[in-house]
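Letter by letter, the chains look like this.
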Amino acid sequence: MEPLGQAACLTALTTAVGHDSITSTAGVGADQDRLPYEPINSTDRAIPEAPPLRLRLRCRPPLHDAVHLHAPRRPTRTAARLGFAGQSQLAKLIDFVFVSADLRAYEEADDQKATAIGRILDHAVDRSEADEQLSEIEEDAHQARQKVHAKVYGPALDDISAALSAEVAKFTAGREIVVTPTVRAPKPAKTAFHVSIRDGAAETSVYRQGHGFQRALIIAALKCLADRQRPADGTRTLCLAIEEPELFQHPPQARTFADVLRQLVATSPAGRTQVMYATHNPVFIDPAGYHQIRRLSRDTSEEHPVTRVWQASEDELCRSLADFVSEDKIRRRTGMSLAGSLAEGFFAHTVVLGEGTTDGAVLTGCAERQGISLGAEGITVIGVGGRDNLMFSHAILTAMGVPCHVVFDGDAGLLERKRESVRHLPEQKRAEKEMGFEQQARESAAKNADLLSYLGNSPVPWPSTESSATHTVFEDNLETYLKESWPGWESSRVELIRTGSGVANKHAPTYREAARIAASNPPYEIEVMLENIRHLAR
């Protein structure tokens, strides 16, 4: 799912988690026995417990037997493994952070070396001065302990050493026994930090927050971590891998998270931040970055099911559309052609591509009247915003392994309708308008031929109404076809508008309801279209 100056850090947290504030408190030492959500009280560590006394026996050889034995050191093994942990080679180049779907924020809010909060504090807070002063205190305490041991235990241990040496001398000559106290100092105290949540007058642990807030805190921490990269780490890339960043989030907050993750990459200096995430939410699909998407599908055609990985590149798109669209136009328009709801198509088994939303509305209404759920069969209906975007969208989804069925208007009556609209104009003005309309008609015929040819059919300039495995075309447009071939639909639409339940003009919900409740059954071409689409999804 995607560190900053202080002001920017607070802004990121406010954007992600609302009006709750996040505070950090400092404590001395690290307590491994404490639960991660318990506050660490600095007074608990002020005076460490005195270590237990341990005695050590040494045998001192005579001077003439003094021999120094230098045992060879075991050869150290070179850390040549490639990985992200410890001193591995990739860890020197990439700071890898993985946020799993079941990760809770209190696990990342603990001040440990591998956690997001720990890394933020490591980048933002210089602990060296405090650690140095604490080390001096520990050294003074160690010297004091040695003096106490020498004063308290020294005389008694000297007597024991002499007695043991005398007894040993009866068996062997030239050796003495020395008994001394071993002073084992406790581990040096170091500063650790604790994160809590202040909500009004109450201050609670991260552990007690809801899943949505915890997820928001994780994303905010990752953004802060990405923005607080030290200058010295300029050659090290921060790689964030997030599993299902949309979990536990309201739709507006999910969109905010998606924007944050994209901004991490867009604002990263020298491209030093990379973000990867696995998602089931179209909100996280960047329309302009289709070449960065990897679609995973399960192939059960073989004996053992396998997972296939699909991707589409700009070069591949240019090759598939080379005979119909210029390369420059493809590179300029692909971002816009993916706008709107096309991202949802990457998650479907089959996509129905229409010029607008009304084609899909009629299709969905016809399916509902038969008790068919298109969504349950993995069919998604998408309006791409015009015939010019049909080929772009089809080429991208096909490259991603998504079968598509294209629905479009042949516009055979376009020229006549245009001419009728200017009958009232003066002759000269009307003639000028009609010349432009004739040009539009020629362009429409050429687009019809190109689209049919791209789909593997005969390039007919003015096709008749038909439905095949790859496409459905209406000779003029959908409205003209429905009025002529399905009077029951037109009657239902008019009645919905009259009663105030529907809206005039091209209104997708009205078209859908009229198709669902029409007294007569849909015409043959509509039923064939529905069956062709369902067959494509099987």
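The following paragraphs examine the structure supplied in this document. (Residues numbered from 1 in each chain as written. Predicted model: local features only at pLDDT ≥ 70, side-chain atom pairs only at ≥ 80, totals over all residues. Heavy atoms only, no water.)

## A word on the overall build of the protein
Using the following cut-off: Only DSSP runs of H or I with at least four residues qualify as helices, and only runs of E with at least two residues qualify as strands; both kinds are numbered from the N terminus onward. Burial classes follow relative accessibility: with a 1.4 Å probe on protein chains only, a residue under 20% of its type's maximum area counts as buried, one over 50% as exposed, and anything between as partly exposed. Shrake-Rupley sampling with a 1.4 Å probe provides the accessible areas, and residues are treated as covered by the protein chains on show and by no other component.
Broken down by element type, the protein carries 17 helices and 15 strands. Within the span of the protein, comprising 538 residues, buried residues form 39% of the whole. As displayed, the protein offers around 31000 Å² of accessible surface, 53% of which is attributable to carbon and sulfur atoms.

## Focus: the pairing of strand β15 (residues 471–474)
What counts, and what does not: Should DSSP find at least two bridges between two strands, the strands are taken to pair.
Neither face of β15 is left uncovered, since the one carrying His 471 and Val 473 and the one carrying Thr 472 and Phe 474 both have all their residues buried. Bridge count between strand β13 (residues 404–409) and β15: four bridges; the pairing is parallel. Bridged to Val 407 within β15 is Thr 472. Sheet topology note: the strand β14 (residues 466–467)/β15 ladder contains two bridges and is antiparallel. Each bridged residue has a counterpart across the sheet, and for Ser 467 the counterpart in β15 is Thr 472.

## Brief notes about the sheet that holds β13
This is how the line gets drawn: Residues count as neighbours in contact if any of their non-hydrogen atoms are within 4.5 Å of one another. Orientation is described by axes fitted as lines to C-alpha atoms, over the contacting stretch for helices, and by angles from 0 to 180 degrees between their N-to-C directions.
Taken together, five strands build an open sheet; the order of strands is β12-β11-β13-β15-β14 and the sheet is mixed. The open sheet has two free edges, formed respectively by β12 (379–383) and β14, since each of these has just one partner strand. Of the strands in this sheet, β11 (350–354) and β13 touch helix α11 (residues 390–399), which is tilted by about 175° from β13. Sheet strands touched by helix α17 (residues 524–537): β11, β12, β13, β14 and β15. Its angle to β13, the strand with the most contacts, is close to 155°.

## Observations concerning the nonpolar core
Put simply, the test is: Take the buried residues of types Ala, Val, Leu, Ile, Met, Phe, Trp, Tyr and Cys, join any two whose side-chain atoms come within 4.5 Å, and each joined set is a nonpolar core.
In terms of nonpolar packing, the biggest core is built from 35 residues, with Leu 321, Val 351, Leu 353 and Leu 397 touching the most fellow members. Taken together, the elements giving at least two residues each to this core come down to α8 (314–320), β11, α11, β13 and α13 (427–454). No other element matches the seven residues that α11 contributes to this core. Setting aside its immediate chain neighbours within four residues, Leu 397 contacts Leu 342, Gly 345, Phe 346, Val 351, Leu 353, Val 402 and Cys 404. Membership of the second largest hydrophobic core comes to 27 residues, among which are Ile 379, Tyr 481, Trp 486 and Ile 526.

## A word on the packing of aromatic side chains
Two aromatic rings, taken as a pair, are described by how far apart their centres are and by the angle between their planes. Inclusion rule: Between 30 and 60 degrees the pair is tilted, below 30 it is stacked and above 60 it is edge-to-face, where a pair is any two Phe, Tyr or Trp rings, Trp via its six-membered ring, whose centres lie within 6.5 Å.
Summed over the entire model, instances satisfying the criterion amount to four aromatic pairs. Taking the centre distance of 5.7 Å and the plane angle of 70° together, the rings of Tyr 277 and Phe 284 count as edge-to-face. Between the aromatic rings of Phe 474 and Tyr 481, the centroid separation amounts to 5.1 Å while the plane-to-plane angle is 40°, which identifies the pairing as tilted. Judged by its relative accessible area of 1%, Phe 474 is buried.

## Comments concerning the sheet that holds strand β7 (residues 237–243)
Backbone hydrogen bonds are what pair the strands of a sheet, in a parallel or an antiparallel way. If you walk across this open sheet you meet the three strands as β3-β7-β8, and the pairing is parallel. Every interior strand has two partners, whereas the edge strands, β3 (94–99) and β8 (273–278), have only one. Between one strand axis and the next, the sheet turns through 15° on average, direction left out of account. Bridge analysis of β3 against β7 gives six bridges, and the strand direction is parallel. The partner of Phe 98 across the bridge, within β7, is Ala 241. Running at roughly 150° to β8, helix α7 (residues 251–266) makes contact with β7 and β8 of the sheet.

## Observations regarding the environment of Ser 421
Let me state the cut-off plainly: Polar contacts here mean pairs of N or O atoms no more than 3.5 Å apart (in protein, one a potential hydrogen donor and the other a potential acceptor; neighbouring residues in sequence count only if both atoms are side-chain atoms).
For Ser 421, the position within the fold is in helix α12 (residues 414–421). A residue is classified by how much of its surface remains accessible, and Ser 421, at 41% relative accessible area, is partly exposed. Ser 421 sits twelve residues away from Lys 433 along the chain, and the two C-alpha atoms are 9.9 Å apart. One polar contact links the side chain of Ser 421 to the main-chain carbonyl oxygen of Lys 418, over a distance of 2.5 Å.

## What to know about the pattern of salt bridges
Here is the rule: One speaks of a salt bridge when a side-chain nitrogen belonging to Lys or Arg is within 4 Å of a carboxyl oxygen belonging to Asp or Glu.
Within this structure, the stated rule accounts for 14 salt bridges. For Glu 495, the salt bridge goes to Arg 498, with nearest N and O atoms at 2.6 Å. Remark: Arg 498 and Glu 495 occur in helix α15 (residues 487–498); sequence separation between them is three residues, near one turn of the helix. Connected through salt bridges with shared partners, the residues Glu 416, Glu 420 and Arg 423 form a single ionic network.

## Observations regarding a negative patch on the surface
Basically, it comes down to this: Grouping into patches uses exposed residues only, defined as over 30% relative accessible area, and leaves out salt-bridged ones; the cut-off is 9 Å for like charges and 5 Å for nonpolar side chains (Val, Leu, Ile, Met, Phe, Trp, Tyr). Positive charge is attributed to Lys and Arg, negative charge to Asp and Glu, and no charge count is given to His or to the chain ends. Where a charge lies is defined by one atom per residue type, namely NZ (Lys), CZ (Arg), CG (Asp) and CD (Glu).
Together, Glu 129, Glu 132, Glu 136, Glu 139 and Asp 140 give the surface a local cluster of negative charge. Within the secondary structure, Asp 140 sits in helix α5 (residues 128–169).

## Observations regarding the packing of helix α10 (residues 358–369) against helix α16 (residues 508–517)
Just so we agree on the cut-off: These descriptions rest on fixed angle ranges, namely under 35 degrees for roughly parallel, over 145 for roughly antiparallel, 65 to 115 for roughly perpendicular, and the rest for oblique. Helix crossings get a hand from a simple test, with the near helix turned counterclockwise from the far one by less than a right angle marking a left-handed crossing and a clockwise turn marking a right-handed one. As a working rule, the residues Ala, Val, Leu, Ile, Met, Phe, Trp, Tyr, Cys and Pro are called nonpolar, Asp, Glu, Lys and Arg charged, and the rest polar, with Gly in that last group.
Two elements in contact, α10 and α16, have axes whose closest approach is 7 Å; the angle formed by their N-to-C orientations is 30°. In terms of orientation, α10 lies roughly parallel with respect to α16. Handedness of the crossing formed by α10 with α16: right-handed. Each of Thr 358, Ala 361, Val 362, Thr 364, Gly 365, Cys 366, Glu 368 and Arg 369 in α10 lies in contact with α16, whose residues at this interface are Ala 508, Tyr 511, Arg 512, Ala 515, Arg 516 and Ile 517. Split into classes, the residues belonging to the contact of α10 with α16 amount to seven nonpolar, three polar and four charged.

## Section: the side chain of Asp 299
Along the chain, Asp 299 falls in strand β9 (residues 295–299). In this structure Asp 299 is buried but unpaired, with Arg 308 as the nearest side chain of opposite charge at 4.4 Å. Beyond its immediate sequence surroundings of up to four residues, Asp 299 is in contact with His 304, Pro 305, Val 306 and Arg 308.

## Observations regarding α17
What counts here: By definition here, a helix of n residues has an expected span of 1.5 Å times n minus one. The arc in question is the one spanned by the directions pointing from the helix axis to the C-beta atoms.
Here α17 contains 14 residues, and its C-alpha end-to-end distance of 20 Å stays within 8% of the 20 Å for a straight helix at 1.5 Å per residue. Listed as buried for α17 are Ile 526, Met 529, Leu 530, Ile 533, Arg 534 and Ala 537. Relative to the axis of α17, the buried residues are bounded by an arc of 125° and lie together on one face. Away from its buried face, by an angle of more than 90 degrees, α17 presents the exposed residues Tyr 524 and His 535.

## Comments concerning unusual backbone geometry
One non-glycine residue, Phe 248, adopts positive backbone phi at about 65°. In this structure Phe 248 comes out as partly exposed when scored by relative accessible area, which is 40%. Unlike most non-glycine residues, Asn 505 shows phi in positive territory, near 65°. Along the polypeptide, Asn 505 turns up in the loop between α15 and α16.

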